[in-house]
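Topology and contacts: notes
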Amino acid sequence: MTVIVLLVATLGFRLLGVLGVRRFATWRVSAAHGLAVMLVMTGSAHFVPEGVTFMPNHGDLVRMVPPFVPFPAAVVYLTGVFELAGAVGLVLPATRGAAGLCLALLFVCLLPANIYAAISDVPFAGGEASPLWQRVPEQILYIAVALAARGRRATPAPEAAGPVAVQR
């Protein structure tokens, strides 16, 4: 489901770019915004009460946390805050690079929880557990999109050859 949200949102933003919205003139920026939409959805789930079954909830996410991680409920709240903050960071051009890097690191840190949930058959949103063959490629995709959203570092313009003429 999250991959679909990421893809549809990215394509929607890119379509806006094709239609003339300059903010979405590139795939990189459209993907950054698409990932932000996905993160608002997933980050919000960290705060959804356990009785809710139409989407993942706090209890589902706590059950995903491997046993070696202390304070699983607090970790789920904290990672939810990180996801929501990362979403904001992705849509702001000044913070997009840092947000992309931090989110890639977060997704790497979340990988053990996804592996644990798949191997331990932890149910999700009242349904069956997602298989490992699905979870790991999804995490790799999110890492790749987060890193791609960073873009290239701006390189300083090469200095002009020869002396600079000063006008008086």
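Residues numbered from 1 in each chain as written. Predicted model: local features only at pLDDT ≥ 70, side-chain atom pairs only at ≥ 80, totals over all residues. Heavy atoms only, no water.

Side note on unusual backbone geometry
For clarity, the threshold we go by: Each helix is a run of H or I in the DSSP string that is no shorter than four residues. Each strand is a run of E no shorter than two, and both are numbered from the N terminus. Exposed residues in this analysis have more than 50% of their type's maximum accessible area, buried residues have under 20%, and partly exposed residues fall in between, with area computed by a 1.4 Å probe over protein chains only.
The residue Phe71 is not glycine, and still its phi comes out positive at about 50 degrees. You can see Phe71 is positioned in the loop between helix H3 (58-64) and helix H4 (72-91). The exposure class assigned to Phe71 is exposed, which follows from its relative accessible area of 67%. One non-glycine residue, Asp121, lies in the positive phi region at around 55 degrees. Residue classification places Asp121 among the exposed residues on the basis of a relative accessible area of 54%.

Some thoughts on the packing of helix H2 (residues 27-45) against H4
How two helices pack is summed up by the angle between their axes together with the distance between the axes. Selection criterion: Axis angles are defined between N-to-C directions and span 0 to 180 degrees, where every axis is a line fitted to C-alpha atoms and, for a helix, only to the segment in contact. For classification, angles of less than 35 degrees are called roughly parallel, those exceeding 145 degrees roughly antiparallel, those between 65 and 115 degrees roughly perpendicular, and all remaining angles oblique. Less than a right angle of anticlockwise turn of the near helix away from the far helix marks a crossing as left-handed, whereas a clockwise turn marks it as right-handed. Any two residues having at least one pair of non-hydrogen atoms within 4.5 Å are treated as being in contact. Amino acid classes used here: Ala, Val, Leu, Ile, Met, Phe, Trp, Tyr, Cys and Pro are nonpolar; Asp, Glu, Lys and Arg are charged; the rest, including Gly, are polar.
Where H2 meets H4, the closest approach of the two axes is 8 Å, and the angle between their N-to-C directions is 160 degrees. Here H2 is positioned roughly antiparallel relative to H4, judged by the angle of their axes. Where H2 crosses over H4, the handedness of that crossing is left-handed. Contacts between H2 and H4 involve Ala32, His33, Leu35, Ala36, Leu39, Val40, Thr42, Gly43 and Ser44 on the former and, on the latter, Gly80, Glu83, Leu84, Gly86, Ala87, Leu90 and Val91. When grouped by side-chain class, the residues that make up the contact of H2 with H4 number nine nonpolar, six polar and one charged.

Quick word on the confidence of the model for the protein
For clarity, the threshold we go by: Summary of the metric used: pLDDT quantifies the predictor's per-residue confidence within the range 0 to 100.
In this model, the protein carries a mean pLDDT of 88, and residues with pLDDT of at least 70 account for 89%. Per-element confidence in the protein is highest for H4, whose mean pLDDT is 97, and lowest for helix H6 (residues 132-150), whose mean pLDDT is 91. For the stretch residues 156-162, pLDDT sits under 50, and the model shows zero contacts to residues farther than four places along the chain or on other chains.

A short note on the side chain of Arg14
The criterion, for reference: Neither His nor the chain ends is counted toward charge; the positive residues are Lys and Arg and the negative residues Asp and Glu. Salt bridges, as used here, are contacts in which a Lys or Arg side-chain nitrogen is within 4 Å of a carboxyl oxygen on Asp or Glu.
Relative to the helices and strands, Arg14 is located in helix H1 (residues 2-18). Buried within the structure, Arg14 lacks any salt-bridge partner; its nearest side chain of opposite charge belongs to Glu138, at an N-O separation of 24 Å. Once residues within four sequence positions are removed from consideration, Arg14 is found in contact with Phe24, Ala25, Thr26, Trp27 and Ser30.

Quick notes on the packing of H2 against H6
Remark: H2 packs on H6, axes separated minimally by 8 Å, with the N-to-C direction vectors making an angle of 130 degrees. Classed by the angle they form, the pair H2 and H6 counts as oblique. The two elements H2 and H6 meet at a crossing, and its hand is left-handed. Together, Arg28, Ala31, Ala32, Leu35 and Met38 of H2 and Tyr142, Val145, Ala146, Ala148, Ala149 and Arg150 of H6 make up the contact between the two elements. Residues of the contact of H2 with H6, tallied by class, amount to nine nonpolar, no polar and two charged.

Section: the side chain of Thr10
For the record, the criterion: Any pair of N or O atoms that falls within 3.5 Å is considered a polar contact. Within protein, one atom must be able to donate a hydrogen and the other to accept it, and sequence-neighbouring residues count only if both atoms are side-chain atoms.
Within the secondary structure, Thr10 is located in helix H1. At a separation of 2.8 Å, a polar atom in the side chain of Thr10 contacts the main-chain carbonyl oxygen of Leu6. Once residues within four sequence positions are removed from consideration, Thr10 is found in contact with Trp27, Ser30, Ala31 and Gly34.

What about the packing of aromatic side chains?
Where two aromatic rings form a pair, the distance of their centres and the angle of their planes describe that pair. Stated formally: Any Phe, Tyr or Trp ring, taking Trp's six-membered ring, that has another such ring centre within 6.5 Å forms a pair; planes under 30 degrees apart are called stacked, those over 60 apart edge-to-face, and the others tilted. In this scheme, Lys NZ or Arg CZ marks a charge over a ring once it lies within 6 Å of the ring centre and within 35 degrees of the ring normal.
By the definition in use, this model includes three aromatic pairs. Summarising the aromatic geometry, the rings of Phe107 and Tyr142 are spaced 5.8 Å apart at their centres and angled 50 degrees between planes, so their arrangement reads as tilted. Separated by 35 residues along the polypeptide, Phe107 in helix H5 (residues 96-119) and Tyr142 in helix H6 bring together distant segments of the chain. For Tyr142, a relative accessible area of 4% gives the class buried. The residue whose ring lies beneath Arg14 is Trp27, and the NZ or CZ to ring-centre distance is 5.7 Å.

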